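Examining the three-dimensional arrangement
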Amino acid sequence: MTYQIPHEDRVLGRVLAERAQRLGDKPFLTVDGRTWSFAEVHQASQAVARGLRAIGVRRGQPVLVMLDNSAEFVLAWFAIALLDAVTVPVNTAYAGDLLAYVAQDAGATVAVTSTELAGAFAALAPERRGALATLVVCGDGARPQGISCFGWAEVAATPGAPVVSQAGPDDIAFICYTSGTTGPSKGVLVPHSMGFQTVQTFVNAVGMREDDTVFSPLPLFHGMSRSMATLPALALGAQVHLAPRFSATTFWDDVRRADATISTTIFTIPPILKRRDPSPADRDHRVRVMFYFRHDLEFEERFNVGLVEAHG
């Protein structure tokens with residue numbers, strides 16, 4: 001049976017609230033060595049949403065999120081959705097001209113980042129930051145000078161009444177910047193409905209079920225870990241396991257530890273895994289399908305994994 005998400009239901013903040021109410025303590029997100037339930041993620045996202053609202057984030061406003069794979073990235077993303085604001089994922093390698101361009105083009109006044117990455121914002125001259133005036137900084141290290149900063153712990157502990165999303169499926173959820181291979185990156189406006197259309201395509205392509213665990217070693221600033229790992233798990237009531245990064249050396253060990261049944265990939269990963277020496281452990285895992293790579297019979301037979309590609 002084909003999985004379908006009605007257009008009117010394609011609103012992230014509302015999906016998050018409904019899944020938390022219905023699924024409660026069921027495990028949802030594993031990252032940074034901790035597993036969060038649906039209810040815990042919703043509760044924490046609510047607190048972050050109240051904190052972001054307290055520092056001026058309003059409906060329709062873009063918020064830069066420049067973080068490595070972490071619970072804070074997911075909670076900031078969901079909090080921004082609850083506020084009916086717009087998440088702008090930023091490549092964590094950006095600095096200098098690349099970062100200045102995105103900051104100016106997006107027009108965000110607030111960015112969520114880490115102590116390790118905040119210096120890239122502070123290093124920009126004030127006139128090169130556009131409207132950006134405030135950082136929310138995760139981590140215990142020193143905060144940069146020369147720009148207003150709030151600590152994540154402070155923002156993420158804001159009490160108050162629940163934040164209720166009023167967004168519609170056609171409201172903008174993301175501004176995603178292209179790779180810029182033919183000129184300056186373009187900020188692509190992605191509505192809530194498109195994010196969940198991608199979820200629907202992914203779920204049908206891999207045959208995802210509620211009892212699946214999706215493993216993703218790809219960065220959350222890229223759409224694969226968001227729309228083809230985290231969002232499908234949220235929509236289906238399944239589980240997602242986010243690794244810090246891809247490692248050919250530890251990939252199958254990471255998959256086994258996650259007890260994953262589905263993995264996301266990009267076109268470079270299967271060839272890298274194939275180049276490693278064969279091992280008796282190559283088929284010692286529960287992954288039945290890896291999403292987004294062309295058919296490769298040699299890979300499929302060696303690792304006992306189907307490779308699935310889908311578009312649109």
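Coordinates for the structure precede this section.
First, a word on scope: everything that follows refers to the structure included in this document.

So, how was this worked out
- Residues numbered from 1 in each chain as written.
- Predicted model: local features only at pLDDT ≥ 70, side-chain atom pairs only at ≥ 80, totals over all residues.
- Heavy atoms only, no water.
- Buried < 20%, exposed > 50% of the residue type's maximum accessible area, 1.4 Å probe, protein only.
- Helix = DSSP H or I, 4+ residues; strand = E, 2+ residues; numbered from the N terminus.
- Pairing = 2+ DSSP bridges.
- Right-handed = clockwise from strand over helix to strand, strands pointing away.
- Axes fitted to C-alpha atoms, helices over the stretch in contact; angles between N-to-C directions.
- Contact = heavy atoms within 4.5 Å.
- Phe/Tyr/Trp six-rings, centres within 6.5 Å; stacked < 30°, edge-to-face > 60°.
- Lys NZ or Arg CZ within 6 Å of the ring centre and 35° of its normal.
- Expected span 1.5 Å × (residues − 1).
- Parallel < 35°, antiparallel > 145°, perpendicular 65-115°, else oblique.
- Left-handed = near helix turned anticlockwise from the far one by under 90°.
- Nonpolar A, V, L, I, M, F, W, Y, C, P; charged D, E, K, R; others polar.

Let us look at the pairing of strand 10 (residues 213-216). On strand 10, burial covers both faces: T213 and F215 on one face and V214 and S216 on the other are all buried. Where strand 10 meets strand 11 (residues 239-242), 4 bridges bridge the pair, whose relative direction is parallel. Following the sheet pairing, S216 is matched in strand 11 by L242. Since strand 10 and strand 11 lie parallel, the crossover through helix 8 (residues 223-236) that links them has a hand, and here it is right-handed.

Here we come to the sheet that holds strand 1 (residues 27-31). Taken in spatial order, the 7 strands make up an open sheet running 2-1-11-10-12-13-14, and their pairing is mixed. Two strands close off the open sheet at either side, each with one partner strand: strand 2 (34-37) and strand 14 (306-308). Neighbour to neighbour, the strand axes of the sheet diverge by 20° on average, direction disregarded. Alignment of strand 13 (residues 289-291) against strand 14, held across 3 bridges, turns out to be parallel. Its bridge partner being in strand 14, M290 is matched across the sheet by L307. Packing against the sheet, helix 3 (residues 71-82) makes contact with strand 1, strand 2 and strand 11, and its axis sits at approximately 130° to strand 1.

Looking now at the packing of aromatic side chains. Under the defined criterion, the tally for this structure stands at 11 aromatic pairs. For the ring pair W77 and F174, a centre distance of 5.9 Å and an interplane angle of 50° mean the geometry is tilted. Placement of W77 in helix 3 and of F174 in strand 8 (residues 172-177) is noted, with a sequence separation of 97 residues between them. We classify F174 as buried; its relative accessible area is 6%. Ring pairs connect the aromatic residues F215, F246, F251, W252, F299 and F303, which therefore count as one cluster. A cation over a ring is seen here: R226 above F174, with NZ or CZ 4.5 Å from the ring centre.

Once that is clear, we can look at helix 3. Two residues of an α-helix separated by three or four positions point the same way, owing to the 3.6 residues in each turn. With 12 residues, helix 3 ought to run about 16 Å at 1.5 Å a step, and its terminal C-alpha atoms sit 16 Å apart, in line with that. Within helix 3, 11 of the 12 residues are buried, leaving the element largely enclosed by the surrounding structure. One or two residues past the end of helix 3 sits D84, with phi positive at roughly 60°.

At their nearest, the axes of helix 1 (residues 12-23) and helix 8 sit 9 Å apart, and the two run at 50° to each other. One element, helix 1, and the other, helix 8, form an angle in the oblique class. Crossing handedness for the pair helix 1 and helix 8: left-handed. Contacts between helix 1 and helix 8 pair L12, V15, L16 and R19 from the former with L231, L234 and A235 from the latter. The residue makeup of the contact of helix 1 with helix 8, split by class, is 6 nonpolar, no polar and 1 charged.

Purely geometric stuff here, so don't read any function into it on its own.
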